[in-house]
Amino acid sequence: MDEILAQIFQIGFFAAMIRIATPLIFATIGELFAERAGVLNLGIEGIMLLSAMVGFSAAYFSGSLWFGIAAAMAAGVLSGMLMGLLTVTLGLSQHVSGIGVTLLNSGLAFFLYRLIFGQPSMPPNIVAFKPVAIPLLSEIPVIGPILFNHHALVYAAFILVPLAAFILFRTPWGLNLRTVGENPHAADGAGVNVAATRYQALMLSGALMGVAGAFLSMAQFNAFTFGVISGRGWVCIALVVFGQWSPWRAAGGALLFALIDALQLRLQANSYIDVPYQVFLMMPFVLTIVGMALVSRNARAPAALLMPFRKEER
Amino acid sequence: MFKTTTDGPCRPAAFTSLMQRAAALLALTAAILFGAPAEQAAAAEKLKVAAVFETPIEEPWVNQIHVALLKAKAELGIEYVWSESVKSADFARVMRDYADGGYGLIMGDSFGAERIARRVAKDYPNVAFVFGSGIGPAEPNFGVFDNWIHEPAYLSGMIAGKMTKSNTVGVVAAMPIPEVNRLSNAFCAGAKEANEKVKCKFSFIGSFFDPPKAKEAALAQIEAGVDVIYAERFGVVEAAAEKGVLAISNMSDQAELGPDTVITGPVWDMWPTVKYAIAMVKSGVFTAQDLGGFSYMGKGGSYLAPYHAWEKKLPAEVKKMVADRTKEILDGTYRVNVDESIPQSE
């Protein structure tokens, strides 16, 4: 047993946790901004898929990975604007609009891929992001290789969490955004443009989801394939609730989910006990749900979540 | 009637198609001039073949079927159309559209839509259906095939057993269904035959396509000491290349994913299956059969991918061992055991 534990809890295990958590952190923070402004963005899964495709294609043809990331963010921003058109301007059901955007984006991703690349029997690939070791810090024993030898986007995710918390809770724009999500009528009375704020939140949300999708096709893997997102977007929706709409807690949830996912993969490879593999695959989901039930009993969603805002209307 | 026997690679495709056009024209002219029965004109028409796939054709399993049908289109003078990403809800409708549209042979993969495909086939007794399936054929017209490529998987395992330095080989696979289990078990059995000290590790990613997850599963195995890894799914070769360990590919020749990483791997070739099914339909003798045997090495339905860059790097004794066993399999004197039990890491 000790031998198995030693086998599992290596440096690689924690590094894997951080790698798995990164796209979840980006997309979860993105979703969090949208929900804080009062819009549930169920387009997340499709936005991630389309961005994974757009980012990959842009990098494939330009040869620049960062141009790919920018293109993925642009695709995310456009999808966010579409989401805004449906839920803010037209005031349609957020559930239906979100699922609609996911279906549209998924279809579009494969359609465009087929138009651009035809039907290759082997998926075309790019030279993906390489881990960048941070000088000095990466040489610290144990912590160095775990934290400071990653893709550049992983560091960006580290920075994103405090930055998001700062923007939400310490800036006027963040205050406006939260007010719009809690009480749009009061915000409107105070002179805040509710529609514009929600659009901005959705565009930011789309951009972050775009990075998450592009991370999967450009850093974690080096090609766009179907199944590259595989429900990770839906996991992020749950993580926002798990995190009680706080960036710190949501990022913690993403790390916990990633920890258990990394753990189950190692248990599978080291298992001497006859446990059905489904038990392992289930672990991250089950434990996140259990954690959510325990931690989030007092969670309170933004009061105006799911509610369209129309001026002069109660 | 003019009969096209152009299934060999010896005749250029352009010539074939010209011959067939000429034949069709002749038949048509004859029909108009002499009022020949309509069925005679129809017999000269190209056989229309359709395929219905549940996934995009990039899915490796489906791709092998698709590639073989494209080859049939080029070489056997058939018409070929396909529908991809057909979900269960649409499966019956798409199949019926083809069956009603004069398609004589409908192929596809039916694992997720097994019952639907079988039900539709019953309504069209004059149309031949040949589907990838883990269960048996159904009279009168529902034939099945499957990827019986455990033989080259076994050969790959023998190479892995010889090439591992840590005496640990691994398999990263989709999920423990019979199609996957028999390849994984054959790989492990081959490794153990070549090197009795070998231990095998198995990981399942729980889906058929999730390369980032497959890559993480592979990295976890490499940390656990695996140094030759069988990439049953996409995503594994990338991990092996990153960590400098060796990989065995699966389903098609994937050396280009990592010329220094991928030694070889089982290749599934649907050509013998497709060719046989089309020949049966064309000659009007189609019956519901299990065509799984056409995926065996003996029929050319599977083989070990070329060594490419490893031609020079692989030790001569390993190559000889594999060549000897290949010959025994082709001669029918050695049978690779089919073990569909769920493999367990050791």
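### Regarding the overall build of chain B
Secondary structure summary: chain B contains 12 helices and 11 strands in total. Burial statistics for chain B: of 346 residues in total, 50% are counted as buried. Sequence separation of at least 24 residues holds for 66% of the intrachain contacts in chain B that already meet a minimum separation of 6.

### A closer look at the interface of chain B and chain A
Across the contact, 33 residues belong to chain B and 28 residues belong to chain A. Going through the elements one at a time, helix H3 (60-75), strand E7 (199-204) and helix H8 (211-223) of chain B are the ones with two or more residues in the side of chain B that touches chain A. In terms of residue count, the dominant contributor to the side of chain B that touches chain A is H8(B) (10 residues). Residues that form the side of chain B that touches chain A fall into these classes: 13 nonpolar, 11 polar and 9 charged.

### Things to note about the sheet that holds strand E2 (residues 79-83) of chain B
All names here are of chain B. The 5 strands lie next to each other as E2-E1-E3-E4-E5, forming an open sheet whose pairing is parallel. If you trace the sheet from one side to the other, it starts and ends with E2 and strand E5 (142-145), each paired once. Within the sheet, the average angular offset between the axes of one strand and its neighbour, ignoring direction, is 20°. Two elements, strand E1 (residues 48-52) and E2, share 5 bridges in a ladder whose sense is parallel. By the bridge assignment for E2, Val49 is matched with Tyr80. Docked against the sheet, helix H10 (residues 271-282) engages E1, strand E3 (105-109), strand E4 (128-132) and E5, running at close to 155° with respect to E3.

### Points about the sheet that holds strand E8 (residues 228-231) of chain B
Residues and elements named next belong to chain B. Within the open sheet, the 4 strands sit side by side as E7-E6-E8-E9. Their pairing is parallel. Where the open sheet ends on each side, the last strands, each with one partner, are E7 and strand E9 (246-248). Taken pair by pair, the neighbouring strands of this sheet meet at an average axis angle of 25°, ignoring direction. Across 6 bridges, strand E6 (residues 168-173) lies against E7 in parallel orientation. Across the sheet, the residue bridging to Val169 is Cys200, located in E7. Here H8 sits on the sheet in contact with E6, E7 and E8, set at roughly 165° to E6.

### Focus: the domain arrangement of chain B
All names here are of chain B. Looking at the assigned domains, one finds that chain B contains domain 1 (46-145 + 270-299) and domain 2 (150-265 + 305-331). Here the C-alpha centre of domain 2 lies 30 Å away from the C-alpha centre of domain 1. Taken residue by residue, the interface counts 9 residues in domain 1 and 10 residues in domain 2. Among the residues making up the side of domain 1 that touches domain 2, the classes are represented as 4 nonpolar, 4 polar and 1 charged.

### Some remarks on the packing of helix H4 (residues 65-89) of chain A against helix H5 (residues 94-117) of chain A
Residue and element names in this part refer to chain A. The N-to-C vectors of H4 and H5 enclose an angle of 145°; their axes lie 10 Å apart at closest approach. In terms of crossing hand, the pair formed by H4 and H5 is right-handed. Contact residues: H4 offers Ser79, Leu82, Met83, Leu86 and Thr87, while H5 offers Gln94, Ser97, Val101 and Asn105. A per-class count over the contact of H4 with H5 returns 4 nonpolar, 5 polar and no charged.

### Points about the packing of helix H2 (residues 11-36) of chain A against helix H10 (residues 194-220) of chain A
Residue and element names in this part refer to chain A. H10 packs onto H2 with a crossing angle of 165° between their chain directions and a minimal axis gap of 7 Å. One element, H2, and the other, H10, form an angle in the roughly antiparallel class. For the element pair H2 and H10, the recorded crossing hand is left-handed. Two secondary-structure elements touch here, H2 through Arg19, Thr22, Pro23, Phe26, Ala27, Ile29, Gly30, Glu31, Phe33, Ala34 and Arg36 and H10 through Ala201, Leu202, Leu204, Ser205, Leu208, Met209, Val211, Ala212, Phe215, Leu216 and Gln220. Residue composition of the contact of H2 with H10, grouped by class: 15 nonpolar, 4 polar and 3 charged.

### Considerations on helix H13 (residues 277-295) of chain A
Here H13(A) is 19 residues long and its end C-alpha atoms lie 28 Å apart, about the 27 Å a rise of 1.5 Å per residue gives. Along its length, H13(A) reaches its greatest deviation from straightness, about 45°, at Met283(A), and the proline Pro284(A) lies no more than four positions downstream. Every buried residue of H13(A) is listed here: Tyr277(A), Phe280(A), Leu281(A), Pro284(A) and Thr288(A). Turning to H13(A), the residues buried within the fold contact helix H11 (232-242) and helix H12 (247-270) of chain A together with E7 of chain B.

### With respect to the nonpolar core
Core analysis: the largest hydrophobic core is formed by 201 residues, its most contacted members being Val211(A) and Ile229(B). Among the domains, domain 1 (46-145 + 270-299) and domain 2 (150-265 + 305-331) of chain B are the pair contributing at least three residues each to this core. Residue contacts for Ile229(B): discarding those within four places in its chain leaves Gly170(B), Val172(B), Ala218(B), Gln221(B), Val236(B), Ala240(B), Val245(B) and Ala247(B).

### Details of the environment of Gln64(B)
Residues and elements named next belong to chain B. Mapping Gln64 onto the fold places it in helix H3. For the pair Gln64 and Asp269, spaced 205 residues apart in the sequence, the C-alpha separation amounts to 6.5 Å. In this structure, Gln64 is in contact with Met251, Ser252, Trp268 and Met270, ignoring residues within four places of it in sequence.

### Quick look at the environment of Glu340(B)
Residue and element names in this part refer to chain B. Within the secondary structure layout, Glu340 lies in the segment after helix H12 (316-331). Sequence spacing of Glu340 and Leu155 is 185 residues, and the spatial spacing of their C-alpha atoms is 17 Å. When near neighbours in sequence (up to four residues on either side) are disregarded, Glu340 contacts Pro178, Asn181 and Arg182.

### Some remarks on the confidence of the model for chain B
All names here are of chain B. On average, chain B scores 87 in pLDDT, and the residues at 70 or more come to 87%. Note that residues 1-16 has pLDDT below 50 and, in this model, 22 contacts with residues that lie over four places away or in other chains. Counted against residues more than four places away or in other chains, residues 28-42, with its pLDDT under 50, gives 9 contacts. Confidence metrics for the complex model read pTM 0.86 and ipTM 0.89.

About the thresholds
- Residues numbered from 1 in each chain as written.
- Chains lettered and ligands numbered in written order.
- Predicted model: local features only at pLDDT ≥ 70, side-chain atom pairs only at ≥ 80, totals over all residues.
- Helix = DSSP H or I, 4+ residues; strand = E, 2+ residues; numbered from the N terminus.
- Buried ≥ 20, exposed ≤ 12 C-beta atoms within 10 Å, placed from the backbone.
- Contact = placed C-beta atoms within 7 Å.
- Nonpolar A, V, L, I, M, F, W, Y, C, P; charged D, E, K, R; others polar.
- Pairing = 2+ DSSP bridges.
- Axes fitted to C-alpha atoms, helices over the stretch in contact; angles between N-to-C directions.
- Domains from an automatic or database assignment.
- Left-handed = near helix turned anticlockwise from the far one by under 90°.
- Parallel < 35°, antiparallel > 145°, perpendicular 65-115°, else oblique.
- Expected span 1.5 Å × (residues − 1).
- Bend = angle between axes of the 7 residues up to and from the residue.
- Core = buried A, V, L, I, M, F, W, Y, C linked by C-beta atoms within 7 Å.
- pLDDT = per-residue confidence, 0-100.

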